[in-house]
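# A closer look at the structure
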Amino acid sequence: MSSSLLARTYANYEIKDGVAVIRINDPNSKVNTLSKPLQAEMTEILEEIWGNSAVKGAVLISSKPGSFIAGADLNMIQACKSAEEVTTLSQEGQKMFDKIEKSPIPIVAAINGSCLGGGLEFAIACQYRLATKSKKTVLGTPEVMLGLLPGAGGTQRLPKMLGIPAAFDMMLTGRNIRPDKAKKMGLVHQLVDPLGPGLKSPEEATIQYLETVAIEAAKNLANKKLSVKKEKGLVQKLQDMVMGLPFVRKQIYNMVTKKVMGQTKGLYPAPLKIIECVQTGIEKGTTAGSLAESVNFGNLAMTSESLALRGLYHGQVACKKNNFGSPARDVKNLAVLGAGLMGAGIAQVTVDKSVRTILKDTTVEGLTRGQQQVYKGLNDKTKKKAITSFQRDTTMSFLTGQLDYRGFDQADMVIEAVFEDLNVKHKVIKEVEAVIPPHCIFATNTSALPIKEIAAASKRPEKVIGMHYFSPVDKMQLLEIITTDKTSKDTTASAVAVGLKQGKIIIVVGDGPGFYTTRCLAAMLAEAVRVLQEGVGPKKLDALTKGLGFPVGGAALADEVGIDVAAHVAEDLGKALGSRFGGGNVEVLKTMVQKGYKGRKSGKGCYVYEKKSKDKKVNPGVEEILKNHKSCTDVQYRLLSRFVNESVLCLQEGILPDPVQGDIGAVFGLGFPPCLGGPFRFVDSFGADKLVQKMHRYEEVYGNQFSPCQLLLDHAKDSNKRFHK
Amino acid sequence: RFVFRMFVMTKTKKTLAKPNVKNIVLVDGVRTPFLLSGTSYSDLMPHDLGRGALQGLLNRTGVPKEIVDHIIYGIVIQEVKTSNVAREAALGAGFSDKTPAHTVTMACISSNQAMTSAVGLIAAGQCDVVVAGGVEFMSDVPIRHSRKMRKTMLSLNKAKTLGQRLSLLGSIRMGHLMPELPAVAEFSTAESMGHSADRLAAAFGVTRVEQDEYALRSHRLAKKAQDEGLLSDIISFQVPGKNIISADNGIRPTSMEQMGKLKPAFVKPHGTVTAANSSFLTDGASAVLIMSEEKALALGYKPKAYLRDFVYVSQDPKDQLLLGPTYATPKVLEKSGLTMEDIDVFEFHEAFAGQIVANLKAMDSDWFAQNCMGRKSKVGVPPMEKFNTWGGSLSLGHPFAATGCRLVTTVAHRLQKEGGQYGVVAACAAGGQVFLPKYTYAQLARADTEYSRGATVQVFLVHSFGLFSVHVLCMKMTMCKSVQKHF
C-alpha cells in the first residue's frame, strides 16, 4: 500500500492493492459539488493514475456520509456573464468525462448519498457503478428544475445507457431515483447494503464497506472476472430493435414534445432543449449532440426562467433554516385541535417524524374521519413501497385520537385547526389554556383571522403564534408562520423548529388581515370572480391562469380552497382592507355557498366532481348564478398584477420581512408560476415601470383595485431599484 | 491456574442462591438426533418428534408421570393441526392426561422460553416438577392458499343458495390459486436473517475466511464429540416403519478449499455468508426435566445443574438483530456478581459463523461498548478453549425451538465432564436460515452454570430477546404473563 504524497484540498487518493481509491471531500461544505478546484484536482489525480502502470483500476468515492457529488456548483454558472462562458464550462466538463469514459483502466463510481446533476454525469462516465441502499442515496438529473439541462454529457450518455424513453423520463422530470430503481433501470450495476454500528459508526462503516466492495469490483474488472456487459433480455432486444427504426424514434420525439408542451404551456424552454439535444445526439452523432448540449446549456443559463428557478432554489434553501435560534425546549408532545382536513394533515406530517401527537375533535364522526385520513396517507406510502407496513403501524402508534383534553398537561405545543370563527377560536383558546402547562405554545392554523385578535383571549399572548398550513398538508411544502408584536422569539423559534421537522419550507411574516399569502390570493381571486362575471367561463379562466404558469387554474383553485372559505375570506378582507379587495361581487360566492357549491369537498363548486371521471364538468348551477351577476385579453395581467401588487404592498407594510420569503411563499403556497420565480422576481424581470403602466390602464377601467402601491411606484420610477440583487 | 481455582473457591462460598427463592435444578435433558430436514424424518409430523424426546426423557429419568405438574413445549413454525403441540406430544409420549401442557413460541429461543417459564412456575410455588422442551420440523411447513382464495372459501361456507355458491366459485381467478409460502423476509424490516447476518459480519469486518474457519471448527469439534461419545443427551428415535436413528447427520467437516468454493447465499455478489457457514434447516426435538431442589432430592435424584438466573434483552431488529449475546452476557454476569473469568463453559447458539464472530468482535470492542451499550469498556471475549467445544448449531443442526434445551443440557454435561463450575448459555434467535422461517427477533438465550461439590451444578439461564426495549425478567414474575406481554 502506498499513498500519494501530495495532499490536495478537495480530492485525494491512495493506492490499495493496485487500485487507486480517489476520495472526494469538499472541506468547505456539507456536500460535495463539482466545482472548478475539484475538477482541476481531479484532472491532476487522473493524469497521475493513468501514468502509473502499477495502478490497475480506480475507485471514486466520497468521504462524506450523505453526499457523493450533489451536482455542479451553481455559483460557477451564476458567475458567468455570457452564454458563451457557460458553454465553455459545459465543454470543459464534457472533455473531462469523455476522458474518463475512455479510461484505459476501469473506474468504479462508489455512490453513497446524493448523486445528482453533474455528480451523476460524472458517475455515468465511469465504467462501473455501485450504490448503497442507504435512504440518503438518490440519483437524478434535477437540472430541468433549475431551467437547465444535463450539460456534461448527460443528454448523450443517458439515452444510450437507459434507452430513449427512460432517459427522457429521467431528464424531463428531474425526479430522484432510489437505488433499487436505479439498479432496475441499469443506471447502477450493483447495490451495497448500508451497515449498522459495528466497530465504527454506521456511516463510517458503510463507507468503508462500500470502498472494500468497490475495490474488489475494480480488481475483478481489471482482470476480466467481472464484465459490465449484461445479457439483454428479450424485451430489451425487442425494444432496441423498435428504437432502431427512425420512424419510431421520430414518433417518440413528437410525442414527448407534445406532452412537454401540454404540461409546460411552452413556458419552460429547458425540457424542449433536452429533447433537442437527445435527438441531435442520436440522429447526428455524439459530436453534434455534445455541441448542441453545450450551446443549449449556455443559452438556457441566461434565460429569465432559469434565473427564476435558480432563485427559487436558493430561496428554498434559505427557508429551510431556523433564523430564530434553537428553541428553549424541543416539542416532544404535540396536540392538534380539530380533526378536519387540515388538523388531520398536520397530525400526519407530525407523527411521520415520530412526535407524539394527540388529535382531538368534538365528535366521534369527525375524529374517525381524521384518523382515517392519517392512516390513508401512511397506507398510500406503504402501497408505493416508500415505507413498510411495519413502519406505517409504528408511525400510527404515535397518534392518539380523543374527544377530551386528557394528556394536554404534557403538551409542548397545541395547534388548533378548528372552524374559522373568532368566537370559536376564543372559546378554544380559553379551554386549552386551562389545561396546558405554562411552557406550552398555542399555535393557530388560520388562513385569514388576524392572530392578535385571536390572542386577545389569551392570558399569555407571548406564547401565541399563527401557523398557516396549506391543504393538502402532506403535499404542500409551505408553512406560513405569523408572529404578532407580542409573540416571543422563543415561541417563533419553536414553531419554526416544528415546521422544519415536519419537512416544511417556512416563511415568517407579520400579522395583518390575510397575512401574506391569503391576502395575495384573495386579491387575485376577487379579480377571477370578476372575470367570471364578465362571461369568461371557468374552463377558459383556468386555461388562462394555467397559461401564465399556475399549476391550478383560478376556478379550480377556488374549488380546492373551498368556496365557503373563499367567500369568508373575501368578505373579511374586504371589510378590513377596503375597496382594494373589490372586483368580483362577493354575492357570487355567497350564493354558491347557499346552494351548497362549496368546492371539491362538497362535490360541487365551479366544477362538478365525480369520483371516477377525470374530466371535470363545469357546474351548470354556477353558470346560472354567473348569468344573474353579469357585470378581454388582459385577463392574465389583471390577475397577475393584483397578486403582485398585494405582495409588494405586504413588503411595504412590513408584513413580509424580505422579497425572498415573498417569492417562496407565493410559489410553494399558492402555486405562483415557478417560471416567473415569484412576484418579486417577476417585477424585476418584467419591469416595474411596464407593470405600473398596465395597472394604471386597468385602474381607469376597473377602479382602485389596480392602484399600484408606493413601493411598486418607487421601483417603476427608478429602474436601478430591484428586489433581488 | 491455582490462583484461579482459589478465586473460584471463594466464589463458591457465595452460592448464588437467592433469599426466599427456591433452588431450581435441571434433573436431566435429552434430545432426538438432529437431522437435516428432508432426510429420514421427512414423513413425520412435529408432535411425533416431540413425542420421541418426551418419551426419551421419561425413560431416561424414570420420573413417575403422575408427579409431573406441567409440560411446556416450544415450536416456531406451527403445524396448524397441532397448534398446542405440547399437549399432543405429551399425550402421545405417555404422560398423564391429568398433566396440563402448553406451547410457547419465541422464535429460536422458544425452548429457552419454555425452560424459563418452568423456572417461573416453580419459583412462584405453582409447581415442583415441570417438563420443558421444544421441537422443530422443517421437512414440512404450512403453505397456505392465498388470502383471496381463503376469503372465497370461507364465504362459500356461509353461502346459502346455489346461486350464491356459483357466483363465488365464478369469482375465482388465476391469482387466487397462487399459494402463500412462509415469508422469506422478516415482518418488521423486510430483511431475511441471512441478509442481516451478512451485513452484521460486514459491520464488524468479519471476513469470509474467518467465517469459514469458524464453521469448520464447529464441524470438527462436533465430529470429535460425536466420535468420543460425548453427545450423551441424544436418545435414539425409531422412525415408524423405518430404521432407528441414533446420531446427528449434519456434521460434515470438509476443508477450507471446499467451503471457499461456495457462492454467497444472500448478498450477491459480494456477500460473505454462504450455505456452509450458516446453520442448516433441521428437524429435531429436545426436552428437559426441571424441579425444585428439595423435590429432586426427596425423589432421590442427583440433579445435573442449578438453573440460576436469566436475562432477556432486545435491540433494534434491523442493525442489531443478531448481537444479543454481546448485550446479555455482561448483564447476567453483573447480576450474579460474576466476571467473564469465572465462567468455565460457554455455549453460544451458532446461527451463522459470521454472527458468532461478529459477537466476539463486538465483545472485544471498546467502541461498541461505549457507543452502543453505554458501558465504560468492552465486555471481554470468552476464551475459545471454553467456547462451544462440542460443536454447535452450525454443525449439530438448529431445529429452532429445540436448540435451547440442547445448549443447557450440553452446558451441564460439559461442566460435569470438565469439572467446571459456572456455565453461560447465549442464543440469538436467528430464525432465518436459508429461506423459510419468517421469525425475526434476535433472540438469545444463555445459561450460566455453577458447579458445586457433589454432583449438582447450578445453571443460570440468561436469555435475550430481540426487539426494541430491554427487559429483565425477574424470576418472581409470573412467566406466563410476561410471555403474553411480549406478543
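Residues numbered from 1 in each chain as written. Chains lettered and ligands numbered in written order. Predicted model: local features only at pLDDT ≥ 70, side-chain atom pairs only at ≥ 80, totals over all residues. Heavy atoms only, no water.

### Quick word on the overall build of chain B
Our working definition: Secondary structure elements are taken from DSSP: a helix is a run of H or I of four residues or more, a strand is a run of E of two residues or more, and numbering for both begins at the N terminus. Per-residue accessibility, obtained with a 1.4 Å probe over protein chains only, is compared with the maximum for each type, and a residue is labelled buried under 20%, exposed over 50%, and partly exposed between these values. Throughout, a residue-residue contact means that at least one pair of heavy atoms, one from each residue, lies within 4.5 Å. Note on areas: these come from Shrake-Rupley sampling with a 1.4 Å probe, and a residue is covered only by the protein chains present in the view.
When helices and strands are tallied, chain B shows 16 helices and 13 strands. Every one of the 487 residues in chain B was classed for burial, and the buried ones make up 61%. Considering only residue pairs separated by 6 or more positions, chain B has 79% of its internal contacts joining residues 24 or more positions apart. Surface exposure of chain B reaches about 18700 Å², of which carbon and sulfur atoms provide 56%.

### What about helix H3 (residues 85-92) of chain B?
Residue and element names in this part refer to chain B. The following threshold applies: In this description, the arc belongs to the directions extending from the helix axis to the C-beta atoms.
Every buried residue of H3 is accounted for by Val85, Ala86, Ala89 and Ala90. Buried residues in H3, looked at end-on, bunch into an arc of 125 degrees, giving them a common side. Remark: Gly94 follows H3 within two positions and exhibits a positive phi of approximately 90 degrees.

### Looking at the layout of surface pockets
Residue and element names in this part refer to chain A. The condition is simple: Both cavities and pockets are sets of points on a 1 Å grid over the protein atoms alone; in a cavity a 1.4 Å probe fits but cannot get out, in a pocket the set is open with protein on both sides within 12 Å along at least five of seven lines, and lining residues sit with an atom within 4 Å of a point. Grid points are joined across faces, edges and corners, and a volume is the space filled by probe spheres set on the points. Residue polarity is assigned by list, with Asp, Glu, Lys and Arg as charged and Ala, Val, Leu, Ile, Met, Phe, Trp, Tyr, Cys and Pro as nonpolar; anything else, Gly included, falls into the polar class.
In this structure, the second largest pocket spans a volume of roughly 1500 Å³. What lines the second largest pocket is a set of 49 residues, among which Lys160, Met161, Leu162, Gly186 and His189 lie closest to the centre. Per element, the largest residue contribution to the lining of the second largest pocket is 6 residues, and it comes from helix H5 (residues 154-162). Here the lining of the second largest pocket is composed, by residue class, of 18 nonpolar, 16 polar and 15 charged.

### Some thoughts on the pairing of strand E10 (residues 345-348) of chain B
All names here are of chain B. Formally: A pair of strands is labelled paired if DSSP reports no fewer than 2 bridges between them.
Side chains Val345 and Glu347 project from E10 onto one buried face, and the interleaved Phe346 and Phe348 project onto a second face that is buried too. Both E10 and strand E11 (residues 423-426) contribute to a ladder of 4 bridges, which runs parallel. By the bridge assignment, Val345 is partnered in E11 with Gly423.

### Observations regarding the sheet that holds strand E9 (residues 138-140) of chain A
All names here are of chain A. Rules: Axis definition: a line fitted to C-alpha atoms, over the contacting stretch in the case of helices. Angles run 0 to 180 degrees between N-to-C directions.
Ordered by their spatial adjacency, 3 strands build an open sheet running E5-E7-E9, and the pairing between neighbours is parallel. Looking at the sheet topology across the chains shown, the edges are occupied by strand E5 (67-69) and E9. Between one strand axis and the next, the sheet turns by 15 degrees as a mean value, whatever way the strands run. Summarising the sheet, strand E7 (residues 114-116) and E9 pair through 3 bridges and their orientation is parallel. Of the residues in E9, the one forming a bridge with Ser114 is Val138. Against the sheet, helix H4 (residues 118-125) touches E5, E7 and E9, its axis set at about 85 degrees to E7.

### Considerations on the UniProt feature "site: Important for hydroxyacyl-coenzyme A dehydrogenase activity" (unreviewed entry) in chain A
Residues and elements named next belong to chain A. The criterion, for reference: UniProt positions are given in the numbering used here, feature names are shortened, and annotations may be inferred rather than shown by experiment.
Following the UniProt record, the feature "site: Important for hydroxyacyl-coenzyme A dehydrogenase activity" (unreviewed entry) maps to His468 here. Along the chain, the position of His468 falls in strand E16 (residues 464-469). Every residue in contact with His468, bar those within four places of it in the chain, is listed here: Asn445, Thr446, Ser447, Leu479, Glu480, Ile482, Phe515, Thr517 and Thr518.

### Some thoughts on the interface of chain B and chain A
The parts lose accessible area when they come together, and the size of an interface is often stated as this lost area. Counted only if it meets this: Two parts placed together each lose some accessible area under a 1.4 Å probe, and adding up what both lose gives the buried area. Think of a salt bridge as a Lys or Arg side-chain nitrogen and an Asp or Glu carboxyl oxygen that are within 4 Å of each other. As used in this structure description, the phrase polar contact means that two N or O atoms lie within 3.5 Å; if the pair is within protein, one of them must be able to donate a hydrogen and the other to accept it, and residues adjacent in sequence are counted only when both atoms belong to side chains.
Contacts between chain B and chain A engage 19 residues on the former and 18 residues on the latter. Between chain B and chain A lies a buried interface of about 1600 Å² when both sides are counted; carbon and sulfur atoms form 66% of it. The interface formed by chain B and chain A contains 0 salt bridges. There are 4 residue pairs in polar contact (both at pLDDT 80 or more) connecting chain B and chain A. Those elements that place two or more of their residues in the side of chain B that touches chain A are helix H7 (193-203) and helix H13 (366-372) of chain B. In terms of residue count, H7 of chain B provides more of the side of chain B that touches chain A than any other element does, 5 residues in total.

### So, the sheet that holds strand E13 (residues 399-402) of chain A
Residue and element names in this part refer to chain A. The sheet built from 8 strands is open, its strands ordered E13-E12-E11-E14-E15-E16-E17-E18 with mixed pairing. Both edges of this open sheet fall to E13 and strand E18 (505-510), since each of them pairs with a single strand only. Across this sheet, the average inter-strand angle for adjacent strands is 25 degrees, counted without regard to direction. Against the sheet, helix H27 (residues 659-670) contacts strand E17 (478-483) and E18, and its axis sits at roughly 120 degrees relative to E18.

### Considerations on the UniProt feature "active site" (unreviewed entry) in chain A
All names here are of chain A. According to UniProt, the positions carrying the feature "active site" (unreviewed entry) are Glu480. Following the sequence through the fold, Glu480 ends up in strand E17. Judged by its relative accessible area of 0%, Glu480 is buried. Apart from the residues lying within four places of it in its own chain, the contact partners of Glu480 are Gly466, Met467, His468, Phe470, Ile507, Val509, Phe515, Tyr516 and Thr517. Of the polar contacts made by the side chain of Glu480, one reaches the backbone nitrogen of Tyr516; its length is 3.1 Å.

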